[in-house]
Every structure is written in C-alpha cells, then in structure tokens.
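Inside the fold
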Amino acid sequence: MKGLLLKDYYLIRSVLWIVLAVFVAVGAAMAFLTTPWALTVVATVILGMISVTTIQMDKASGWRKVAAVLPLPRAAVVDSKYLLYLLLSGAGFLLGVLVCCAAALGKNAFDGETMGIFSCISLALALLSGSVTIPLNFLWTEEKSMLSLILAYPLSAALFAGSALLLPDKRVACAAVAALSLLLFAASWLLARRRMAHTGIV
C-alpha cells in the first residue's frame, strides 16, 4: 500500500506543490475580501480533486497492465485511491483551517461557530464528491471522467442547499449532510473494491 501511495505522489508532486503555493498566496489575499472560512472548502476540494486525476494517469501510462502482474491484490489498487483521496483532502482541510485561523485572527474576527459550519461543509463536500468521482474515473474514459468532476461538486453543493431549506438550523443541516456523506463514501469504497477488483476493471 505504501508503494502505491508513493507512486501516486510522484505522479502529482509537481502539480501539488504549485497548487499549494498558489493557494497560500491567493488564499491569504482572498481571506481579507470575503469570509476566510470559505478557503477551507476550496483547499479541501482542490487537493481531493488532484488525487482523483491519478486514476486517469494510470490508464494513460499503461500502469494498470503492470499492476495486473504485481504480487498484490487488485483491491489494494482501489484502496490506495480512496486512501490517497482522504489523505490529500485531509491535508487540504488542515491547510485551509490554518490559513483561515491566521486570517481570522488577523482581522480580529474569529468565530468558532462559523469555523465549525465551514469545516463541516468542507469535509462533507469532499466525501460526497469522492464517493462519485473515484468509481466513475475507474469506469469511464478520460473525457467522461472530466464530466464527473464537473458535476459532482455542484450536485454536492445542491444537496447542502436542499438540506438548508428543509432544516432551519444550519448546524443540524451540516451534521446531517456530513453523516450522509460519510456513509456514502464508505459504501462507495466497499462497493468499488468488491466490484472493480473482482471484475478486472483495475
């Protein structure tokens, strides 16, 4: 598993550091123009999205043919993609929280409730989108998989909007969507490792 994660890191490390540098530079400036906590959502989503692109990179490079003869279970390939998604989304979340805390303290406008709501939104958006984009990137071609990336995040945001209309308490709405997103991500992971590994998709 460690080797699979390192392989993916080497694929995206150049892009990863560029994205991080741009986020810190632009994000710090944006934090003073709008609510700083919105950057937590941006960082979590962007880094998670980068991890999904490694699936198409594997297809383009022919690595999947090599993986087929390696002494590792096919389910490990699926597991590595979901785990990488969690690691990068988590890293983006922590980076976003650190930058936002610094910006909020600099503006003397730290609000624990707002931080909690945006943190919940960040994690739920990442999990909801990942539960859709990861399996579809395994199943679809590069062109179609781009469509999954484009649609998954707006649809996840629409779910938040719907829950906010149905549940007047923002904290309850966020908690409900976060719980649902966790269940969907776990279900997506389990289904993907069973179906794709056994059918030879990976």
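Residues numbered from 1 in each chain as written. Predicted model: local features only at pLDDT ≥ 70, side-chain atom pairs only at ≥ 80, totals over all residues. Heavy atoms only, no water.

1. Points about the overall build of the chain
- Helix and strand content of the chain: seven helices and zero strands.
- Mapped from its N terminus to its C terminus, the chain presents α and β elements in the order α-α-α-α-α-α-α.
- Over its C-alpha atoms the chain spans a radius of gyration of 18 Å, differing by no more than 12% from the 17 Å that the globule rule assigns to 202 residues.
- Once the C-alpha set of the chain is aligned to its principal axes, its extents read approximately 55 × 40 × 30 Å.
- By sequence separation, contacts in the chain at least 24 residues apart represent 85% of the contacts at least 6 residues apart.
- Surface accessibility of the chain: about 10,600 Å² in total, with carbon and sulfur atoms responsible for 74%. (Helix = DSSP H or I, 4+ residues; strand = E, 2+ residues; numbered from the N terminus. Rg over C-alpha atoms; globule rule 2.2 N^0.38 Å. Contact = heavy atoms within 4.5 Å. Areas by Shrake-Rupley, 256 points an atom, 1.4 Å probe, with all protein chains shown as cover.)

2. Focus: the nonpolar core
- If you look at the biggest cluster of nonpolar residues, it comprises 25 residues, and the most contacted ones within it are Tyr85, Ile121, Ile134 and Phe160.
- Among the elements of the structure, helix H2 (38-61), helix H4 (74-106), helix H5 (112-139), helix H6 (142-166) and helix H7 (170-199) are those that each provide at least two residues to this core.
- It is H5 that provides the largest number of residues to this core, a total of ten residues.
- In this structure Tyr85 touches Gly48, Met49, Ser51, Val52, Ala126, Ser129, Gly130, Ile134, Tyr153 and Phe185, once residues within four positions along its chain are discounted.
- The next biggest cluster of nonpolar side chains, apart from the first, holds ten residues, and it includes Trp37, Phe93, Val99 and Ala104. (Core = buried A, V, L, I, M, F, W, Y, C linked by side-chain atoms within 4.5 Å. Buried < 20%, exposed > 50% of the residue type's maximum accessible area, 1.4 Å probe, protein only.)

3. Regarding the state of the cysteines
- Scanning the model with the defined rule gives zero disulfides in all.
- Sulfur of Cys120: no disulfide; nearest cysteine sulfur belongs to Cys174 and is 4.6 Å away. (Disulfide = S-S within 2.5 Å.)

4. Notes on the pattern of salt bridges
- In the structure shown here, the tally under the stated rule is five salt bridges.
- Two residues, Asp8 and Lys7, come together in a salt bridge whose shortest N-O distance is 2.7 Å. Here Asp8 matches Lys7 in class, with each residue buried.
- Here Lys7 ties to Asp58 by a salt bridge, and the two come within 2.9 Å at their closest N and O atoms. (Salt bridge = Lys/Arg side-chain N within 4 Å of Asp/Glu carboxyl O.)

5. Quick word on the packing of aromatic side chains
- Across all of its chains, the model carries five aromatic pairs by this definition.
- Ring plane angle 85 degrees and centroid distance 6.2 Å describe the contact between Phe185 and Trp189, whose orientation is recorded as edge-to-face. With a gap of four residues between them, Phe185 and Trp189 both fall in helix H7, about one helical turn apart.
- A network of ring pairs unites the aromatic residues Tyr82, Tyr85, Phe185 and Trp189 as a single cluster. (Phe/Tyr/Trp six-rings, centres within 6.5 Å; stacked < 30°, edge-to-face > 60°.)

6. What about the side chain of Asp58?
- On the secondary structure map, Asp58 appears in helix H2.
- Not counting the four nearest positions on each side in its chain, Asp58 is found in contact with Lys7, Asp8, Leu11, Trp63, Arg64 and Lys81.

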